[in-house]
Amino acid sequence: MPESFLAGRRAVVTGATRGIGRAIAARLVAAGADVLGTSTKASANLPQGCRHAQLVLDDPASLESFATLVERTAPHILVNNAAIVNLKPFEDIEEAEFRRIHRVNLLAPMRLCKAALPGMKREGWGRIVNIASIWGPAARAARAAYASTKSGLDVMTASLAYECAANGVLANCVSPGPVETEMLQQAYDANRLKALAERMPLKRLCQPDEVAAFVAWLAGPENTYITGQNLVIDGGFMRFC
């Protein structure tokens, strides 16, 4: 693809200050897109060239205000990346906590997809990429709340993709496996990270930019026929382990 293959395209990336979201925002900027990245704070250290907007997904007023901004600016590309994780045994999950994770990880992306769709349909071109997880289709202990949001995001995206395909809008999920981010480093000590890397067929953890590269391709002009899919980026972890 040419270096500026997204020149003239407007993009929104939620959770663009660190990890996968930051890498995606930087990748889209490098490809020439006009990128609006979000953070929960009034100011943030975003990738160079990325514009900033505050968004607190668990705050209905903040979400609605940002959704109105999305409707007004009509992005060509929407990447729903921001999410929260709270790993607890099923019997220890409070209903309020379960609902909060669903508001942030599933209902907020739904609202932003609804906000972005009218502009994409008018343009006859749009790309939606929702960041899901290998822990959506796969069950593990202590992940009931988180995994149910990611599984729901996958099915929601597939249904959305079917409805809007004829309008030139392609919608997909990307499901990363373990990615070497600040969040993972906070959750695992050095020994556990090393052991996790050893379990991977490639004997290393995925890097954020490896996910970002594929998201940028899905959001770009070379993707003309992939829609409704949940594409796993895990180095073969779920297939072989």
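Our structure's up above, just so we're on the same page.
Before going into details, it helps to say that this report is about the structure given with it. (Residues numbered from 1 in each chain as written. Predicted model: local features only at pLDDT ≥ 70, side-chain atom pairs only at ≥ 80, totals over all residues. Heavy atoms only, no water.)

A word on the sheet that holds strand β4 (residues 77-80)
Okay, so step 1: Strand order in the open sheet formed by seven strands is β3-β2-β1-β4-β5-β6-β7, with parallel pairing between adjacent strands. A strand with exactly one partner marks an edge of an open sheet, and here the two such strands are β3 (51-54) and β7 (230-233). Mean inter-strand twist for the sheet, computed between neighbouring axes without regard to direction, equals 20°.
Okay, so step 2: Of the strands in this sheet, β1 (10-13), β2 (34-39), β4, β5 (126-131) and β6 (169-176) are in contact with helix α1 (residues 19-30), which crosses β1 at around 170°.
Okay, so step 3: Those strands touched by helix α4 (residues 144-164) are β5, β6 and β7, and its axis lies near 160° from that of β6. (Pairing = 2+ DSSP bridges. Helix = DSSP H or I, 4+ residues; strand = E, 2+ residues; numbered from the N terminus. Axes fitted to C-alpha atoms, helices over the stretch in contact; angles between N-to-C directions. Contact = heavy atoms within 4.5 Å.)

Focus: the pairing of β6
Okay, so step 1: Summarising burial for β6: eight of the eight residues are buried, a large majority.
Okay, so step 2: Neither face of β6 is left uncovered, since the one carrying V169, A171, C173 and S175 and the one carrying L170, N172, V174 and P176 both have all their residues buried.
Okay, so step 3: Where β5 meets β6, six bridges bridge the pair, whose relative direction is parallel. Across the sheet, residue R127 finds its bridge partner in β6, namely L170.
Okay, so step 4: The sheet contact formed by β6 and β7 spans four bridges and is parallel. Note that in β7 the partner of S175 across the bridge is V232. (Buried < 20%, exposed > 50% of the residue type's maximum accessible area, 1.4 Å probe, protein only.)

As for the state of the cysteines
Okay, so step 1: Overall, the coordinates contain zero disulfides when judged by the stated rule.
Okay, so step 2: Cysteine C113 shares no disulfide, and the gap to the nearest cysteine sulfur, in C164, comes to 8.7 Å.
Okay, so step 3: Take C113: its relative accessible area is 3%, and that puts it in the buried class.
Okay, so step 4: C113 provides the cysteine sulfur closest to C173, a residue in no disulfide bond, and the two sulfurs are 8.9 Å apart. (Disulfide = S-S within 2.5 Å.)

A short note on empty space enclosed by the protein
Okay, so step 1: The full count for this structure, using the stated rule, is one cavity of 30 Å³ or more.
Okay, so step 2: Put simply, the largest cavity is a space of about 40 Å³.
Okay, so step 3: Lining the largest cavity are R10, A11, V12, D34, L36, R51, T73 and P75.
Okay, so step 4: When residues of the lining of the largest cavity are traced back to their parent elements, those giving at least two are β1 and β2.
Okay, so step 5: Considering every element that reaches the lining of the largest cavity, the biggest residue donor is β1, with three residues.
Okay, so step 6: Considered class by class, the residues forming the lining of the largest cavity number four nonpolar, one polar and three charged. (1 Å grid on protein atoms, 1.4 Å probe; cavity = no way out; pocket = protein on both sides within 12 Å on 5 of 7 lines; lining within 4 Å. Points joined across faces, edges and corners; volume = space filled by probe spheres on them. Nonpolar A, V, L, I, M, F, W, Y, C, P; charged D, E, K, R; others polar.)

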